[in-house]
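Residues per chain are reported as follows:
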Amino acid sequence: LKTKGLVDIQAADDQRQLNEIRVKLLGKKGPLTEVLRGMKDLSAAERPQVGEFANKIKTELATAIDQQLQVLDQKSLQQRLAHETVDVTLPGRQAQVGTPHILNQVIDDLEDLFIGLGYEVIDGPEVETDHYNFEMMNIPKDHPARDMQDTFYITDELLMRTHTSPNQARTLETHDFSKGPLKMISPGRVFRRDNDDATHSHQFNQIEGLVIDHHVTMADLKGTLEVVARHVFGDEREIRLRPSYFPFTEPSIEVDISCFACGGKGCSVCKHTGWIEVLGAGMVHPNVLRGAGVDPVEFGGFAFGLGPDRFAMLKYGVNDIREFYQNDLRFLHQFQREV
Ligand code: FA5
């Protein structure tokens, strides 16, 4: 039994086979267990001898099984290592790195510029009240300017903000002028019931700007906008101010920049005018200041609202604003940020 057992154990070449042999030799129904169980029928003199002998064989077989188990473990480990070897000469797989959306890159860049000019960046709610979006911006309920901005209303009083200008009123109300002038920009999404086309989206971005202090002039506004235009579009750019109308600024202007596609000479990009309109601005209307509790005799300043979507279109030659919102990775991957 022992010799055959040892041969079988050594011949076992996987753990499952070895376990079957263990059950066969040492299990409850195995020959050794039977011998030990039969000892009660033996004489008192035979019992210790037979017991000792059977136990010795049992121990020897159990030891052999344990040794074989180690051999088999070692073997399967070797096999696994050989199988899982890494071929270090294979070319690596390139991990795809994400990148901020191109609109966010343009907004981040402008934020950095304004922070460098001493502006604070402030946030405001996208779901706005009629009060801040219109009333505080000198646009009363029956004012014709409300037609200019078709609005997504949620209730009579709540709406999706149609511009970032309500953040002018919000900061004017809270700013402590005894601590210094107010200089802020406020980037964010705005919503209008515009029909989407190549240059209009029903939700797009704006960056509001507001500077209030003693003796702020239109020349300060022009200088600031020139810095912005040159920062985004290059040192060669000129800007041109055209009279316009916004209820919350007086005077109001629209700002064109000299067309970079044709160097200001005129081409289809600028509808052959040599200029491209990029933003609205003006000197803050006294009613806006007064409404927010700021004395318009003592304080005044300028505000502007620019569209980073339009900036990005011009800067990168994107001819359809909808590209920004369709999440087509082939489009987005063109604007990997250099790291
Ligand atoms: C305003 O929204 C004013 N609140 C801007 C302003 C602020 C004026 C402070 C004076 C003082 P307007 O509706 O023109 O103005 O929009 C401003 C800019 O947003 C535009 O110059 C344009 O760049 C962008 N814009 C307007 N409508 C859309 C649209 N549907 N899709 C994409 N961009 C748009």
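Residues numbered from 1 in each chain as written. Predicted model: local features only at pLDDT ≥ 70, side-chain atom pairs only at ≥ 80, totals over all residues. Heavy atoms only, no water.

## Brief notes about the pattern of salt bridges
Stage number 1. Evaluation of the coordinates by the stated rule reveals 15 salt bridges.
Stage number 2. Of the charged contacts in the structure, one is a salt bridge between R16 and E20, with a shortest N-O distance of 3.0 Å. On the criterion of helical spacing, the pair formed by R16 and E20 is a turn pair, its members being 4 residues apart in helix α2 (residues 15-26).
Stage number 3. R16 gets classed as exposed once you look at its relative accessible area, which sits at 57%. (Salt bridge = Lys/Arg side-chain N within 4 Å of Asp/Glu carboxyl O. Helix = DSSP H or I, 4+ residues; strand = E, 2+ residues; numbered from the N terminus. Buried < 20%, exposed > 50% of the residue type's maximum accessible area, 1.4 Å probe, protein only.)

## Focus: a nonpolar patch on the surface
Stage number 1. A grouping of V127, I154 and L158 is seen on the molecular surface, where their side chains present a nonpolar patch of about 230 Å² in accessible area.
Stage number 2. Tracing the backbone through its elements, the reader meets L158 in strand β3 (residues 158-160).
Stage number 3. Given a relative accessible area of 32%, L158 falls into the partly exposed group. (Patch = residues over 30% accessible without salt bridge, like charges linked within 9 Å, V, L, I, M, F, W, Y side chains within 5 Å. Areas by Shrake-Rupley, 256 points an atom, 1.4 Å probe, with all protein chains shown as cover.)

## Structural notes on the sheet that holds strand β6 (residues 239-246)
Stage number 1. In spatial order, the strands read β1-β4-β5-β9-β8-β7-β6; together these 7 strands make up an open sheet with mixed pairing. Here the strands that pair on one side only, and so sit at the sheet edges, are β1 (120-121) and β6.
Stage number 2. Where β6 lies against strand β7 (residues 249-258), 7 bridges are found, and the strand directions are antiparallel. When the sheet's bridge partners are listed, S244 is paired in β7 with S252.
Stage number 3. Against the sheet, helix α7 (residues 166-174) contacts β4 (182-191), β5 (203-213), β8 (275-284) and β9 (300-306), and its axis sits at roughly 145° relative to β4.
Stage number 4. Strands in contact with helix α10 (residues 308-316) are β5, β8 and β9; relative to β5, the strand with the most contacts, it is inclined by about 110°. (Pairing = 2+ DSSP bridges. Contact = heavy atoms within 4.5 Å. Axes fitted to C-alpha atoms, helices over the stretch in contact; angles between N-to-C directions.)

## What to know about unusual backbone geometry
Stage number 1. A cis amide bond links E250 with the next residue in sequence, P251, at an omega value of -5°.
Stage number 2. Following the sequence through the fold, P251 ends up in strand β7.
Stage number 3. Look at H215: it is not a glycine, yet its phi comes out positive at around 60°.
Stage number 4. Tracing the chain through its elements places H215 in the loop between β5 and α8 (218-233).
Stage number 5. The phi dihedral of N327 is positive, around 55°, even though this residue is not glycine.
Stage number 6. Tracing the backbone through its elements, the reader meets N327 in the loop between α10 and α11 (329-332).

## Description of the site of the ligand
Stage number 1. Around the ligand, the structure places 26 residues, and the nearest of them are H163, S165, R192, D194 and Q206.
Stage number 2. Between an oxygen atom of the ligand and a side-chain N or O atom of Q206, the distance comes to 3.0 Å.
Stage number 3. Within the complex, 94% of the 680 Å² of free accessible area of the ligand lies under protein.
Stage number 4. Put simply, the parts of the chain that give the shell around the ligand at least two residues each are β5, β8 and β9.
Stage number 5. Among the elements that make up the shell around the ligand, the one with the highest residue count is β8 (5 residues).
Stage number 6. Of the residues in the shell around the ligand, the class split is 9 nonpolar, 12 polar and 5 charged. (Near = heavy atom within 4 Å. Polar contact = N/O pair within 3.5 Å; in protein donor to acceptor, adjacent residues only side chain to side chain. Nonpolar A, V, L, I, M, F, W, Y, C, P; charged D, E, K, R; others polar.)

## A short note on the packing of helix α1 (residues 2-11) against α2
Stage number 1. Closest axis-to-axis distance for the α1/α2 pair is 9 Å, and the angle between their directions is 160°. Taken together, the axes of α1 and α2 lie roughly antiparallel to each other. The handedness of the crossing between α1 and α2 comes out as left-handed. Residues G5, D8, I9 and A11 of α1 lie in contact with α2, whose contacting residues are Q17, L18, I21, K24 and L25. (Parallel < 35°, antiparallel > 145°, perpendicular 65-115°, else oblique. Left-handed = near helix turned anticlockwise from the far one by under 90°.)

## Focus: the environment of M39
Stage number 1. One can find M39 in the loop between α3 (31-37) and α4 (46-83).
Stage number 2. If we ignore the near neighbours within four places in the chain, the residues touching M39 are R47, V50 and G51.

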